[in-house]
Amino acid sequence: MSLLENHFKLKENGTDVRTELLAGLTTFLTMAYIIFVNPSILGDAGMPKDAVFVATCLAAALGSLIMGLYANYPIALAPGMGLNAYFAYVVVKQMGLSWEVALGAVFISGCLFLLVSLFRLREIIVNGIPPSVRVAISVGIGLFLGLIALRNAGIVVDNPATLLGVGDLHAAPALLAITGFFVIVALDKLKVRGAILIGILLVTVLSFFFAGNKFMGVVSAPPSLAPTLFKLDIMGALSVGILNVVLVFFLVELFDATGTLMGVASRAGFLVNGKMARLNKALMADSCAIVAGATLGTSSTTAYIESAAGVQAGGRTGLTAVAVAILFLGCLFLSPLASVVPAYATAPALLYVACLMLRELGEIDWNDTTESIPAAITALTMPFTYSIAMGVAFGFISYAVLKLMTGRAREVKPAVWVIAGVFLFKFIYLGAG
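Residues numbered from 1 in each chain as written. Predicted model: local features only at pLDDT ≥ 70, side-chain atom pairs only at ≥ 80, totals over all residues. Heavy atoms only, no water.

The next point concerns the environment of Phe384. Residue placement: Phe384 occurs in helix H18 (residues 369-385). For the pair Phe384 and Met216, spaced 168 residues apart in the sequence, the C-alpha separation amounts to 38 Å. (Helix = DSSP H or I, 4+ residues; strand = E, 2+ residues; numbered from the N terminus.)

Printed below as a string of structure tokens:
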């Protein structure tokens, strides 16, 4: 106990071991859905689901452990939603790159993030990005996730006449997904811990009775990590798609991590004059987790906003994050359960997360069209081009162009000119693919 007190400074933060452990359990229950969702999404990219399951658990455990022991914050990490969708559906399925190359791109973006954190360049970059575009990236990813969720549920299908159409709403997968979605929303509104996880498990159980799914057990020894361990292709990532693969991974990781960390810190009362005392340590933990996750075999690992649930339960130190790490390690023995979770069981979770990401639309200044139009273009382009990269690119370019054409070029920070210029160069000389 004295060792824990000395390292985590429990009394100084007004907490104790029991409170921290309960907070860790609360955070874990709200984000444990990722051990089912991530293998499902990356499996669509051709990655072996069993190995991805192990990589997801290990990356979440390692990232949370670093955050807890090094930065001493009650913030848990795991492979991020949105980034895994970009990895699978854009980089691999749309652009045609192998998942090994995509892992290499994640590794490189993590190294860049590490350098930015090490040399304290984060503030220069983040402060240089217009808030409207930053918000729009989050909203656009939400729309993109929503489209993927509806397709996985069979509610939205291809239609040669209208591009998209409504699927068979009488089919078991669609009905079960709709049921799961309403259960998740209702439970979350009633403040039931683990609402998303409960929804996924409920649909999975129902699938055995109504959709022909087969039960494979719950507990077993962890599957082999060998199919994904150290399989990243760094040289392949360096040779193709750097501008719209690595750059997008890097920018979204940077915004996501910074926004999440500041949001949870604000909820916990860690901000002093709007600043977070050990923000750089927290970002270092985040970037190390990205690099480690790529070597294990998963898309970008990042801080989870669900950590706010643990903070609400009293978590104030890194001991909360350490507890989350231990619980994720325990999940390694649940692979049979993870292997039978169908895509339409995780679709409600994706759709709910997507809906939550849209709430930031209210932060955009809709009265200033030089701010709101680039934001709208950013958000709309992502689902309609099925590419997060295109949304980011069109957003930065349109922001710079509109400010220039309205005589407000001085409002544009150097970072925006650089990023817009890079994307414009890419479109002109390298094409839009």
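There's plenty left to go through after this.
Checked against the element boundaries, Ser117 lands in helix H6 (residues 99-118). Polar contacts involving the side chain of Ser117 include one to the main-chain carbonyl oxygen of Phe113, which spans 2.9 Å. If we skip the residues at most four places from it in the chain, Ser117 touches Asn280, Leu283, Met284 and Ser287. (Polar contact = N/O pair within 3.5 Å; in protein donor to acceptor, adjacent residues only side chain to side chain. Contact = heavy atoms within 4.5 Å.)

Taking 1.5 Å per residue, 23 residues should reach 33 Å; helix H4 (residues 49-71) reaches 31 Å between its end C-alpha atoms and fits that length. Just past H4, the residue Asn72 takes up positive phi, approximately 55 degrees. (Expected span 1.5 Å × (residues − 1).)

Remark: H4 packs on helix H13 (residues 279-296), axes separated minimally by 9 Å, with the N-to-C direction vectors making an angle of 160 degrees. Classified by the angle between their axes, H4 and H13 sit roughly antiparallel to one another. As for the relative orientation of H4 and H13, their crossing is right-handed in sense. Across the interface between the two elements, Ala55, Leu58, Ala59, Leu62, Gly63, Ile66, Met67, Tyr70 and Ala71 of H4 pack against Lys281, Ala282, Met284, Ala285, Cys288, Ala289, Ala292, Gly293 and Leu296 of H13. Partitioning the contact of H4 with H13 into residue classes produces 15 nonpolar, two polar and one charged. (Axes fitted to C-alpha atoms, helices over the stretch in contact; angles between N-to-C directions. Parallel < 35°, antiparallel > 145°, perpendicular 65-115°, else oblique. Left-handed = near helix turned anticlockwise from the far one by under 90°. Nonpolar A, V, L, I, M, F, W, Y, C, P; charged D, E, K, R; others polar.)

The final tally for this structure, using the stated rule, is five salt bridges. Ionic pairing is found between Arg408 and Asp368, a salt bridge with its closest N-O pair at 2.9 Å. Here Asp368 lies in the loop between helix H17 (343-357) and H18 and Arg408 lies in the loop between helix H19 (388-405) and helix H20 (414-430), a separation of 40 residues in the sequence. Between Glu411 and Arg408 there is a salt bridge, with the nearest N and O atoms lying 2.8 Å from each other. (Salt bridge = Lys/Arg side-chain N within 4 Å of Asp/Glu carboxyl O.)

Turning to a nonpolar patch on the surface, a few remarks are in order. A surface patch of nonpolar side chains, amounting to about 590 Å² of accessible area, comprises Leu112, Leu115, Leu118, Phe119, Leu121 and Ile124. The element contributing the most residues to the nonpolar patch is H6, with three residues. With respect to the secondary-structure elements, Ile124 resides in helix H7 (residues 122-128). (Patch = residues over 30% accessible without salt bridge, like charges linked within 9 Å, V, L, I, M, F, W, Y side chains within 5 Å. Areas by Shrake-Rupley, 256 points an atom, 1.4 Å probe, with all protein chains shown as cover.)

Moving on, we come to the packing of aromatic side chains. Here the structure, examined in full by the defined rule, presents four aromatic pairs. Measuring from ring centre to ring centre gives 5.0 Å for Tyr86 and Phe249, while their planes differ by 75 degrees; the resulting arrangement is edge-to-face. In this pair, Tyr86 sits in helix H5 (residues 83-92) while Phe249 sits in helix H12 (residues 242-268), placing the two residues 163 residues apart along the sequence. Given the relative accessible area of 1%, Tyr86 is considered buried. Taking 5.7 Å as the distance between ring centres and 85 degrees as the angle between the ring planes, the aromatic pair formed by Phe208 and Phe215 counts as edge-to-face. Owing to a relative accessible area of 23%, Phe208 belongs among the partly exposed residues under this scheme. Above the plane of the ring of Tyr73 lies Arg278, whose end atom (NZ or CZ) is 4.1 Å from the centre. The side chain of Lys281 reaches across the aromatic face of Tyr70, ending 5.2 Å from its centre. (Phe/Tyr/Trp six-rings, centres within 6.5 Å; stacked < 30°, edge-to-face > 60°. Buried < 20%, exposed > 50% of the residue type's maximum accessible area, 1.4 Å probe, protein only. Lys NZ or Arg CZ within 6 Å of the ring centre and 35° of its normal.)

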